Amino acid sequence: MELLFLGTSAGTPTRQRNLSALALQEGRDWWLVDCGEATQHQLLRTPLSLQHLQALFITHVHGDHCYGLPGLLASAGMQGRQHPLPIIAPEPIRHWLQASLALTGLQLPFELHFQAVEALAPWQDLYWQVQPVALSHRVPSFAYSFTERFPNVRLDLARLQRDGIPRGPLWGQLYRGLDPEYAGRRLHSLDYRHPARRIVVAGDNDQPGLLADICQQARVLVHEATYTEAVAARTGSRGHSTAATVARFAEAIRLPALLLTHFSPRYRHPPARYCLEDLRLEAIRHY
Ligand SMILES: [Zn+2]
């Protein structure tokens with residue numbers, strides 16, 4: 001599984017960074033979370049094909065997360081896509097897309113299978129079980145947790161060795177999900193098998209703590225860090241998180257890995273007054 005950031009800027013694009021869009025890639029199949037304007041231009045620099053886009057998720061209605069949708073869908077049609085495309089998004093996105101398609105005379109050669117995220121209903125395909133979680137922002141905003149449905153079973157070799165479980169038939173039984181007896185005690189296969197991988201991708205949010213439960217099983221959390229604390233204190237963070245807020249949360253729940261994104265366009269590369277490095281340094285002071 002690879003995560004490909006197609007844009008990491010908040011609000012407006014910069015010369016170096018486009019607006020929010022994240023591709024989850026598994027082989028040639030991929031899933032898209034958010035679709036800021038010009039996401040399809042970013043795709044031209046990748047091997048990703050709109051024919052192999054499995055589903056599209058939108059975290060909230062703000063334009064920097066969805067204005068790329070009509071163009072991307074039109075291009076998918078022109079490239080000959082015919083199989084349906086699932087879209088999981090806030091209900092207003094459905095109305096906006098319907099209006100855009102109708103008013104610009106765009107007839108897609110494939111169906112859109114729309115699921116409103118507000119019901120917080122799970123969605124699944126052959127690869128993922130996806131669970132939405134409600135966040136805190138100026139408009140309804142959501143995270144999506146992606147959990148593998150059919151993980152490749154792998155044994156936790158370090159733990160087997162630490163517990164002195166001898167290599168042989170016992171390992172085979174644990175691998176197959178059985179709970180064999182050894183040295184007078186019952187072994188539980190769940191203790192010795194790596195759990196299914198889970199990735200949580202959050203939309204704009206000023207309360208990372210809302211993700212505490214869903215992140216318990218997560219390998220990685222992708223979360224916005226729009227500002228450093230110094231900038232947020234001066235300008236007001238208006239529904240967003242700082243790098244420090246997210247990092248403290250990640251530390252508190254002992255998250256294995258944290259990926260920050262959605263940085264204010266003021267953060268650039270040196271010698272700019274505000275540097276992207278400031279966000280990273282603030283995060284690692286807490287996590
Ligand atoms: Zn945003």
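> Let's hear about the overall build of the protein: which residues, and what values?
A tally of regular secondary structure across the protein gives 9 helices and 14 strands. A total of 287 residues make up the protein; the buried ones form 36% of that total. Sequence-distant contacts, at least 24 apart, represent 60% of the contacts inside the protein between residues at least 6 apart.

> With reference to specific residues and values, describe the sheet that holds strand β6 (residues 112-116).
Taken in spatial order, the 6 strands make up an open sheet running β1-β2-β3-β4-β5-β6, and their pairing is mixed. Strands with a single pairing partner mark the edges of an open sheet, and in this sheet they are β1 (2-7) and β6. For this sheet the average axis-to-axis angle between neighbouring strands, irrespective of direction, equals 20°. By the bridge criterion, 5 bridges tie β1 to strand β2 (residues 21-26) in an arrangement that is antiparallel. Note on β2: the bridge partner recorded for Leu3 is Leu24.

> For the sheet that holds strand β8 (residues 128-134), give the residues involved together with the corresponding values.
Read from one edge of the open sheet, 6 strands run β7-β8-β9-β12-β13-β14, paired in mixed fashion. Each end of this open sheet is capped by a strand with a single partner; those strands are β7 (123-124) and β14 (258-261). Sheet analysis places β8 next to strand β9 (residues 142-148), joined by 7 bridges and oriented antiparallel. For Pro132, the partnering residue across the bridge sits in β9 and is Tyr144. Those strands touched by helix α8 (residues 243-252) are β13 (220-224) and β14, and its axis lies near 165° from that of β14.

> Lay out the packing of α8 against helix α9 (residues 276-284) in plain terms, naming residues and giving numbers.
Packed helices, taken two at a time, are described by their axes: the angle between them and the distance between them. Close contact between α8 and α9 brings their axes to 8 Å; oriented N to C, the two are set at 35°. Relative to α9, α8 is oriented so that their crossing is right-handed. Listed contacts from α9 to Ala243, Ala244 and Ala247 of α8 are Leu279, Glu282 and Ala283. Residues belonging to the contact of α8 with α9 are distributed by class as follows: 5 nonpolar, no polar and 1 charged.

> Describe unusual backbone geometry, listing the residues and the values that go with them.
Here the amide bond leading from Pro270 into Pro271 is cis, since omega sits at 10°, within 30 degrees of zero. Position of Pro271 relative to the elements: it lies in the loop between β14 and α9. Even without being glycine, Asp34 reaches a positive phi, approximately 70°. When you line up the elements, Asp34 lands in the loop between β3 (29-33) and α1 (39-43). Although it is not a glycine, Ala38 sits at a positive phi angle of roughly 70°.

> Break down the environment of Ala183 for me, citing the residues and quoting the values.
Assignment of secondary structure puts Ala183 in the loop between β10 (181-182) and β11 (185-186). For the pair Ala183 and Ile165, spaced 18 residues apart in sequence, the C-alpha to C-alpha distance is 9.4 Å.

> Break down the pairing of β2 for me, with residues and values.
Here 5 bridges tie β2 to β3, and the two strands are oriented antiparallel to one another. Paired with Glu26 across the strands is Asp29, a residue of β3. Here β2 hands over to β3 after 2 residues, with Gly27 in that stretch at a positive phi of 60°.

> Lay out the domain arrangement of the protein in plain terms, naming residues and giving numbers.
For the protein, the assigned domains read domain 1 (2-151 + 195-284) and domain 2 (152-188). Relative placement of domain 1 and domain 2: their C-alpha centres are 39 Å apart.

Rules behind the numbers
Residues numbered from 1 in each chain as written. Predicted model: local features only at pLDDT ≥ 70, side-chain atom pairs only at ≥ 80, totals over all residues. Helix = DSSP H or I, 4+ residues; strand = E, 2+ residues; numbered from the N terminus. Buried ≥ 20, exposed ≤ 12 C-beta atoms within 10 Å, placed from the backbone. Contact = placed C-beta atoms within 7 Å. Pairing = 2+ DSSP bridges. Axes fitted to C-alpha atoms, helices over the stretch in contact; angles between N-to-C directions. Left-handed = near helix turned anticlockwise from the far one by under 90°. Nonpolar A, V, L, I, M, F, W, Y, C, P; charged D, E, K, R; others polar. Domains from an automatic or database assignment.

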